[in-house]
Amino acid sequence: MTNRRAVRARKGALQVIAILVLSSAIVRLSLNGAPALAEGSVVPPDEVSAEVGTQTVPELLAALQERETQVAEREALIEERSAMLQNARHEVEQQLAKLEQAERSLAATLALAEGASEADLNQLTAVYENMKPAEAADVFAEMSPEFAAGFLGMMRPDAAAMIMTELEPDVALSFSVILAGRNANTFSE
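These numbers come from a predicted model, not from an experiment.

If you had to explain the overall build of the protein chain to someone new, which residues and values would you point to?
Within the protein chain one finds seven helices and zero strands. Counted from the first residue to the last, the protein chain has its helices and strands arranged as α-α-α-α-α-α-α. Counting the 189 residues in the protein chain, one finds 10% classified as buried. Across the protein chain, contacts joining residues at least 24 apart in sequence account for 62% of those joining residues at least 6 apart. Of the roughly 15,500 Å² of accessible surface on the protein chain, 61% is carried by carbon and sulfur atoms.

So what's going on with a nonpolar patch on the surface? Which residues, and what values?
A cluster of nonpolar side chains, namely Leu-14, Ile-17 and Val-21, defines an oily patch on the protein surface of about 310 Å² accessible area. Along the polypeptide, Val-21 turns up in helix α1 (residues 2-39).

So, the nonpolar core: which residues are in play, and what are the values?
Counting 15 residues, the largest nonpolar core has Phe-140, Leu-152, Met-155, Ile-163, Leu-167 and Phe-175 as its most contacted members. When residues of this core are traced back to their parent elements, those giving at least two are α3 (133-142), α4 (145-154), α5 (157-166) and α6 (169-181). Ile-163 has contacts with Tyr-128, Pro-133, Ala-136, Ala-137, Phe-140, Leu-152 and Met-155, leaving out every residue within four places of it along the chain.

Describe in detail the packing of aromatic side chains, supporting the description with residues and values.
Within this structure, the stated rule accounts for three aromatic pairs. A centroid spacing of 5.2 Å and a plane angle of 80° characterise the contact between Tyr-128 and Phe-151, whose relative ring orientation is edge-to-face. In this pair, Tyr-128 is assigned in helix α2 (residues 45-130) and Phe-151 in helix α4, connecting sequence segments 23 residues apart. Residues Tyr-128 and Phe-151 agree in their burial class; the two are buried. Relative to Phe-151, the ring of Phe-147 has its centre 5.0 Å away and its plane inclined at 90°; by these criteria the two rings are edge-to-face. Residue Phe-147 and its partner Phe-151 are located together in helix α4, separated by four residues, close to a single helical turn. Site record: aromatic cluster; members linked through ring pairs are Tyr-128, Phe-140, Phe-147 and Phe-151.

Hey, could you go over the packing of α4 against α6 for me, with residue numbers and the actual values?
Between α4 and α6, the least distance of the axes is 9 Å, while the angle of their chain directions is 70°. Taken together, the axes of α4 and α6 lie roughly perpendicular to each other. As α4 runs across α6, the sense of the crossing is right-handed. Contacts between α4 and α6 involve Pro-145, Glu-146, Ala-148, Ala-149, Leu-152 and Gly-153 from the former and Ser-174, Phe-175, Ile-178 and Leu-179 from the latter. By residue class, the composition of the contact of α4 with α6 is seven nonpolar, two polar and one charged.

Please provide a residue-by-residue account of the side chain of Glu-129, values included.
By the secondary structure assignment, Glu-129 is in helix α2. When near neighbours in sequence (up to four residues on either side) are disregarded, Glu-129 contacts Met-154, Met-155, Arg-156 and Ala-159.

Lay out the packing of α3 against α5 with the relevant residues and their values.
Helix-helix packing: each pair is described by the crossing angle between the helix axes and the interaxial distance. At a closest axis distance of 8 Å, the pairing of α3 and α5 adopts a crossing angle of 70°. Judged on the interaxial angle alone, α5 and α3 are roughly perpendicular. Where α3 approaches α5, its residues Pro-133, Ala-134, Ala-136, Ala-137 and Phe-140 are matched on the opposing element by Met-162, Ile-163 and Glu-166. In terms of residue class, the contact of α3 with α5 is made up of seven nonpolar, no polar and one charged.

Conventions we followed
Residues numbered from 1 in each chain as written. Predicted model: local features only at pLDDT ≥ 70, side-chain atom pairs only at ≥ 80, totals over all residues. Heavy atoms only, no water. Helix = DSSP H or I, 4+ residues; strand = E, 2+ residues; numbered from the N terminus. Buried < 20%, exposed > 50% of the residue type's maximum accessible area, 1.4 Å probe, protein only. Contact = heavy atoms within 4.5 Å. Areas by Shrake-Rupley, 256 points an atom, 1.4 Å probe, with all protein chains shown as cover. Patch = residues over 30% accessible without salt bridge, like charges linked within 9 Å, V, L, I, M, F, W, Y side chains within 5 Å. Salt bridge = Lys/Arg side-chain N within 4 Å of Asp/Glu carboxyl O. Core = buried A, V, L, I, M, F, W, Y, C linked by side-chain atoms within 4.5 Å. Phe/Tyr/Trp six-rings, centres within 6.5 Å; stacked < 30°, edge-to-face > 60°. Axes fitted to C-alpha atoms, helices over the stretch in contact; angles between N-to-C directions. Parallel < 35°, antiparallel > 145°, perpendicular 65-115°, else oblique. Left-handed = near helix turned anticlockwise from the far one by under 90°. Nonpolar A, V, L, I, M, F, W, Y, C, P; charged D, E, K, R; others polar.

Right, dumping it as structure tokens:
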């Protein structure tokens, strides 16, 4: 029962809208059509058919054919551009795939080089740790302070302490200052 009421309400609303549209058309026709009829600007049907039959039909046909040719040319151009875009898209995707592969290869190479470099530093650090402290101190005294402090920071604390005791006090102090200040910038930023 509720569905019937809803259907009736919709039909009633549609009828009201149709009546309003129809009355609007009648009003417009009466306002705009009456002056045109009074002036005599409306062409009688016999004259329209005679005009279309003699002059405008061939011209109209020629215009339609010209328009059809233009549309066909535009369609061909659009298809050509679409094909070019597809080719360009395909090339870009291929280049992107190559770049991604190159990036993965470079990352693997960098990781390998970094690992080898770290392994070399660890081995050299182990050599310095196993040297006699006096001999290692002589080598460290010849190094630049930043370079030597880097090795001292990587060493076991007991081996580094033994080497530091063999160094001149001012050299040991410069290594200590560098070691202490290495991460100072990390906390201040």
